[in-house]
Amino acid sequence: DDLASDRAALLAFRAAVFRDNHRWNTSDPSPCAWDGVTCSDNRVTELRLPGADLFGQIPHGTLGNLTALTAVSLRYNLLYGTLQQDFAALVNLRLLHLQNNRFSGEIPPPIFALRQLVRLNLGGNLFHGVIPQDFNKLTNLYALLLDRNRLSGEIPDLRYPNLFLFNVSFNHLNGSIPSSLRGIPASSFIGNSLCGGPLAACPGDNSNLVAPALSPLGYTHISNKSGGKKKLSAGEISGFSIGAAVGFLILLLLLTVLCFRARKEGEAKPKEVRKLQPEAEMALRGRRDTPDKKTELPSVASSPLPVSGGANGVGRKLVFTGKVQRIYDLQDLLRASAEVLGKGTSGTTYKAMLEMGMVVAVKRLRDVSLSEKEFRERMDAIGAMDHPNLVALQAYYYSKDEKLLVYEVVPNGSLSSLLHGKHSFPSISCLAKCQRDGTDGSSSSSSFVVGNKVSGREPLDWETRLEIALRSARGIEFIHLKGSGFSHGNIKSSNIILTKTYDACVSDFGLSSLGSVPMPDQRSVGYRAPEVTDVRKVSQKADVYSFGVLLMELLTAKSPTQTPHSDDSVDLPTWVQSVAAVNWRTEVFDVELLRDEKAEEAMMQLMQLAVDCAALVPNHRPSMSEVVARIEEIP
Ligand SMILES: Nc1ncnc2c1ncn2[C@@H]1O[C@H](COP(=O)(O)OP(=O)(O)OP(=O)(O)O)[C@@H](O)[C@H]1O
């Protein structure tokens, strides 16, 4: 299908570049001929080759006809020369990252034809000449980075409604910073002979604004939105610390009991492999023999899953969504053997092995209060969401008594099990104890810290974590860009599922508002934005908060899950900020990350973003597009 061929084409293109450590220099044949991916191939939508050891000039005709490209990232290579005129044909391009190469000459005019651009990074090259007024043609820009070049002259009056990242530091610029850019931090202008705005006043000018203060974590980022972030005072921070310490002591007791109980449960629960057939058959026949007990996991015995009575499902079919071909049908699902992957807020998920050899994930929904029409509309909309970082809904089944969703299976488990081990849901309330006795607070024995070693879980280095953060953010951004009414509603680490190569895919979007009553789920609480009182009323800003918590989880390897039945446990954002005030490095980050000293600054940048996302006031949180951009800027 189209999607498969699109991705195959892109992969082939990438494989061609990497094959035999292929070097892109001018004497090579044009990459257009490689592996059958032709110059005019309009299926490739993204070309991302950061640090791919490419050098030389980009030959004319190499990229210009790949007109479906929306993103080109060639950062950290050794490309030189300029961008050829054919670049102007990439009219769909939204992201262009060429930083840290050896491009030279004046800012290439073809760039100003790329009117869809939202992020442009030309930093760390050898561009010279003035910053052209033509930049004002790129009205959609919200990130413009020209730092570390040889640009000279004055900064023109640049007016962008959405700009939040701007940097011209370390060039040869002079003169006064235009009023339109005066809210931007001084660090974005240093290394020039500039004055005004956040820098020292120009001679005879008294109208300077005060430069923004450093954020609690020591980093700044640009926001032209009104209302700055609230900074914690020293008193507030020490208050947090004392509160956290008292909280820890109380929670320590609870945790010991919980850890003990959870370990016992973990030992007692056997793996379940069974046929899907009984319950699905019953759904088809409309049997009504057992009361609804769907909130319990099915037992290992071969008794059918209890299905509430109701309408007859005979004749109803699987409805395939999006671009997915009808390659199996309900009968195939009925014959499949299934294994329980887990039980969540909206239902139980099974991995179903079809007889034809295909494996799918089947989610059996409970408590759907939407009408059939509403349900179908919702599923059709979810099925139409087509992005490499979203778990694709392949098909759904609707009858009065049974609602099934069939997803592609993402094979490498969830981020939650990767960070915390399969059955462990450690509470941050365990942290005080854990850091003392050398465990990470996991309620299972699957993950623990001894000295500086983490054992019992997959190693997860900094690069992989950053990549997971970026790809998850892109998946969520895609949902948000569908419109202001679109949000995920349940972002947490068990809903980030990984492929064998650790590509992150976001699952379960759009399911939080299917039921008539909000589902209490302790595992979602730690991610929920403070303003959310009804989980069915989701918002994009609440998603951003949850994503901030997820980033903190990724960096600390602490679960945001609060201790059940405890009202005074400390949430992860509060803990991070309070402990950060005392000792950042050693107390906050996962010990596994601390081994990578080179990445420390980058880790701090990601943590700063996490803190910004978890701002208490929704309007102070960045948009997901800003989040993606800021992660992409992290070296
Ligand atoms: N398509 C899939 N491929 C592989 N694993 C999946 C897939 N969908 C879900 N899972 C895994 O199955 C388990 C149960 O998922 P499920 O969505 O039912 O619950 P949850 O994510 O824990 O909670 P919630 O329902 O609130 O999202 C989770 O560990 C999840 O990572």
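Keep in mind it's a predicted model, so treat the numbers as computed, not measured. (Residues numbered from 1 in each chain as written. Predicted model: local features only at pLDDT ≥ 70, side-chain atom pairs only at ≥ 80, totals over all residues.)

## Thoughts on the overall build of the chain
Regarding its fold elements, the chain presents 14 helices and 24 strands. Taken across its 635 residues, the chain has 43% of its residues classed as buried. Sequence separation of at least 24 residues holds for 60% of the intrachain contacts in the chain that already meet a minimum separation of 6. (Helix = DSSP H or I, 4+ residues; strand = E, 2+ residues; numbered from the N terminus. Buried ≥ 20, exposed ≤ 12 C-beta atoms within 10 Å, placed from the backbone. Contact = placed C-beta atoms within 7 Å.)

## Topic: the nonpolar core
Of all hydrophobic cores here, the largest spans 128 residues; its most connected members are Leu-551, Leu-555, Leu-606 and Ala-610. Top contributing element to this core by residue count: helix α10 (residues 540-556), with 10 residues. Ignoring anything within four residues of it in the chain, the contact list for Leu-606 reads Leu-466, Ala-469, Leu-551, Leu-555, Ile-631 and Ile-634. (Core = buried A, V, L, I, M, F, W, Y, C linked by C-beta atoms within 7 Å.)

## Regarding the environment of Asp-534
Relative to the helices and strands, Asp-534 is located in the loop between α9 (522-525) and α10. Once the C-alpha coordinates of Asp-534 and Ser-513 are considered, the two residues, 21 residues apart in sequence, prove to be 9.5 Å apart.

## Topic: helix α5 (residues 372-383)
Compared with an ideal rise of 1.5 Å per residue, which puts 12 residues at 16 Å, α5 spans 16 Å between its outermost C-alpha atoms and is within 8% of the ideal. Within α5 the residues assigned to the buried category are Met-379, Ile-382 and Gly-383. Considered in projection along α5, the buried side chains sweep an arc of 95 degrees and stay on one side of the axis. Away from its buried face, by an angle of more than 90 degrees, α5 presents the exposed residues Lys-373, Glu-374 and Glu-377. Buried positions along α5 lie against β19 (393-398). (Expected span 1.5 Å × (residues − 1). Arc of directions from axis to C-beta.)

## So, the site of the ligand
Taken together, 22 residues sit near the ligand, with Leu-341, Gly-342, Gly-344, Ala-361 and Ser-414 positioned nearest. The set of elements that each furnish at least two residues to the shell around the ligand consists of β16 (337-343) and β18 (359-365). If one sorts the elements of the shell around the ligand by residue count, β16 sits on top with three residues. Taken together, the residues of the shell around the ligand break down into seven nonpolar, 11 polar and four charged. (Near = placed C-beta within 6 Å. Nonpolar A, V, L, I, M, F, W, Y, C, P; charged D, E, K, R; others polar.)

## As for helix α14 (residues 624-633)
Of all 10 residues that make up α14, 10 are buried, and the element is covered over most of its length. Of the positions making up α14, those classed as buried are Met-624, Ser-625, Glu-626, Val-627, Val-628, Ala-629, Arg-630, Ile-631, Glu-632 and Glu-633.

## Brief notes about the packing of helix α8 (residues 462-481) against α10
In contact at an axis separation of 11 Å, α8 and α10 are set at 170 degrees when each is read in the N-to-C sense. The angle between α8 and α10 falls in the class roughly antiparallel. Contact residues: α8 offers Arg-465, Ile-468, Ala-469, Ala-473, Ile-476 and His-480, while α10 offers Gln-540, Asp-543, Phe-547, Leu-551 and Leu-554. Of the residues assigned to the contact of α8 with α10, the class counts are seven nonpolar, two polar and two charged. (Axes fitted to C-alpha atoms, helices over the stretch in contact; angles between N-to-C directions. Parallel < 35°, antiparallel > 145°, perpendicular 65-115°, else oblique.)

## Brief notes about the confidence of the model for the chain
Per-residue confidence for the chain gives a mean pLDDT of 71, with 64% of residues at or over 70. In the model, residues 262-313 has pLDDT below 50 throughout and makes 80 contacts with residues more than four positions away in sequence or in other chains. Across residues 563-568, confidence stays below pLDDT 50; counting only partners more than four residues off in sequence or on other chains, it has 12 contacts. Reported confidence for the predicted complex is 0.96 by ipTM and 0.56 by pTM. (pLDDT = per-residue confidence, 0-100.)

## Remarks on the sheet that holds strand β1 (residues 46-48)
Taken together, the six strands give an open sheet; going across it, the order is β1-β3-β5-β7-β9-β11, and neighbouring strands pair in parallel fashion. The strands lining the two open edges of the sheet, one partner per strand, are β1 and β11 (165-167). Between one strand axis and the next, the sheet turns by 10 degrees as a mean value, whatever way the strands run. The pairing of strand β9 (residues 143-145) with β11 spans three bridges and is parallel. (Pairing = 2+ DSSP bridges.)

## Here we look at the environment of Ile-496
Assignment of secondary structure puts Ile-496 in strand β23 (residues 496-498). According to the C-beta neighbour criterion, Ile-496 is buried, with 30 such atoms within 10 Å. When residues no more than four places from it in sequence are discounted, the contact partners of Ile-496 are Ser-414, Leu-415, Ile-468, Ser-472, Ala-504 and Val-506.

## Brief notes about the packing of α10 against helix α13 (residues 600-613)
Interaxial distance between α10 and α13 falls to 7 Å at its minimum, and their mutual angle equals 150 degrees. Between α10 and α13, the interaxial angle falls into the category roughly antiparallel. Here α10 and α13 pass one another in a crossing that is left-handed. In contact with Val-544, Tyr-545, Phe-547, Gly-548, Leu-551, Met-552 and Leu-555 of α10, α13 contributes Met-603, Leu-606, Met-607, Leu-609, Ala-610 and Cys-613. (Left-handed = near helix turned anticlockwise from the far one by under 90°.)

## Concerning the environment of Ser-507
Along the chain, Ser-507 falls in the loop between β24 (504-506) and α9. Every residue in contact with Ser-507, bar those within four places of it in the chain, is listed here: Val-391, Tyr-407, Asn-495 and Ile-497.

## Observations concerning unusual backbone geometry
Within the chain, Asn-100 stands out as a residue other than glycine whose phi angle is a positive 60 degrees. With respect to the secondary-structure elements, Asn-100 resides in the loop between β5 (95-97) and β6 (102-105). On the basis of neighbour counts, which here come to 20 C-beta atoms within 10 Å, the residue Asn-100 falls in the buried class. Phi at Arg-148 is positive, roughly 55 degrees, even though this residue is not glycine. Looking at the secondary structure, you find Arg-148 in the loop between β9 and β10 (150-153).

## Brief notes about the pairing of β16
Note that β16 and strand β17 (residues 347-353) share six bridges and pair antiparallel. When the sheet's bridge partners are listed, Lys-343 is paired in β17 with Thr-348. Between β16 and β17, which follow one another and run antiparallel, lie three residues.

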